[in-house]
Amino acid sequence: MPIPEDIQDFVEKQITLMISQTGAYLPFIKVAFPYSKNLADACYNLIVGSAVSIFVNQYAMRLKYPTAEDFTEFGKITVKYRDQIDQFFK
């Protein structure tokens, strides 16, 4: 069963917001973490970690639990934003 459309929309809007914030904080990120080998991975992981919290909370508000299939679909949603994050660090 696919993720309900309203949950998917909410998660995608949150990811888009966080990506736009990454652009705004980019000068700080590069200065604050000069020894990090892969800032794109770090940012992606932070964004996905935040998004998964939103994802699970949206199910909890409906008194439901996401299934393993829902988490697989969540992964498909988030991976399509990976290139946008990588572009900040090229």
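Before reading on, note that the structure itself is shown above.
Summary of the structure given here. As the structure is a computational prediction, the values presented were derived from the model and not from experiment.

Here we take up the overall build of the protein. From N to C terminus, the protein includes four helices and zero strands. Each helix (α) and strand (β) of the protein, taken in turn from the N terminus, gives the series α-α-α-α. Taken over the C-alpha atoms alone, the protein extends approximately 40 × 20 × 20 Å along its principal axes. Counting over 90 residues, the protein shows a buried share of 33%. Pairs at least 24 residues apart make up 78% of the contacts formed inside the protein by residues separated by at least 6 positions. If you sum the accessible surface of the protein, you get close to 6,000 Å²; carbon and sulfur atoms cover 61% of it. Within the protein, one finds 9 positive and 10 negative side-chain charges whose respective centroids are separated by 7 Å.

The next thing to look at is helix H2 (residues 39-61). Helix length check: H2, at 23 residues, gives a terminal C-alpha distance of 33 Å against a target of 33 Å (1.5 Å per residue), a fit within 8%. Turning to H2, the residues buried within the fold contact helix H1 (5-32), helix H3 (68-79) and helix H4 (82-88). The opening residue of H2 is Asn-38, an N-cap whose side-chain oxygen sits 3.2 Å from the backbone nitrogen of Ala-40. A positive backbone phi angle near 60° is found at Leu-63, which sits one or two residues after H2.

Below, the discussion takes up the environment of Asp-83. Looking at the secondary structure, you find Asp-83 in helix H4. Exposure remark for Asp-83: the relative accessible area of 54% places this residue in the exposed category. For the pair formed by Asp-83 and Tyr-44, sequence separation is 39 residues and the distance between their alpha carbons is 9.6 Å.

This part covers the nonpolar core. Ranked by internal contacts, the top residues of the largest apolar core, which has 20 residues, are Val-11, Ile-15 and Phe-55. Elements with a minimum of two residues in this core: H1, H2 and H3. Here this core takes nine residues from H2, the largest share from any one element. For Phe-55, the contacting residues outside a window of four places in its chain are Ile-3, Ile-7, Val-11, Pro-66, Asp-70, Phe-71 and Phe-74.

Cut-offs used in this document
- Counting starts from 1 at the beginning of each chain's written sequence and moves along it residue by residue.
- Predicted model: local features are reported for residues with pLDDT of at least 70 only, side-chain atom pairs are reported and counted for 80 or more only, and whole-chain, interface and lining totals are derived from all residues.
- As a convention, hydrogens and water are excluded, and side-chain values are obtained from all of the structure's heavy atoms.
- Each helix is a run of DSSP H or I of at least 4 residues and each strand a run of E of at least 2, with the numbering of both proceeding from the N terminus.
- Using a 1.4 Å probe on the protein chains alone, a residue whose accessible area is under 20% of its type maximum counts as buried, one over 50% counts as exposed, and one in between counts as partly exposed.
- Two residues form a contact once any of their heavy atoms are found within 4.5 Å.
- We get accessible surface area from the Shrake-Rupley algorithm with a probe of 1.4 Å; when it comes to residues, only the shown protein chains can shield them.
- Charged residues are defined narrowly, with Lys and Arg counted positive, Asp and Glu counted negative, and His plus the chain ends left uncounted.
- By convention, the point assigned to a charge is CZ for Arg, NZ for Lys, CD for Glu and CG for Asp.
- In a helix, the anticipated span is given by 1.5 Å times the number of residues less one.
- Polar contacts here mean pairs of N or O atoms no more than 3.5 Å apart (in protein, one a potential hydrogen donor and the other a potential acceptor; neighbouring residues in sequence count only if both atoms are side-chain atoms).
- Grouping buried Ala, Val, Leu, Ile, Met, Phe, Trp, Tyr and Cys residues that are joined through side-chain atoms within 4.5 Å yields what is termed a nonpolar core.

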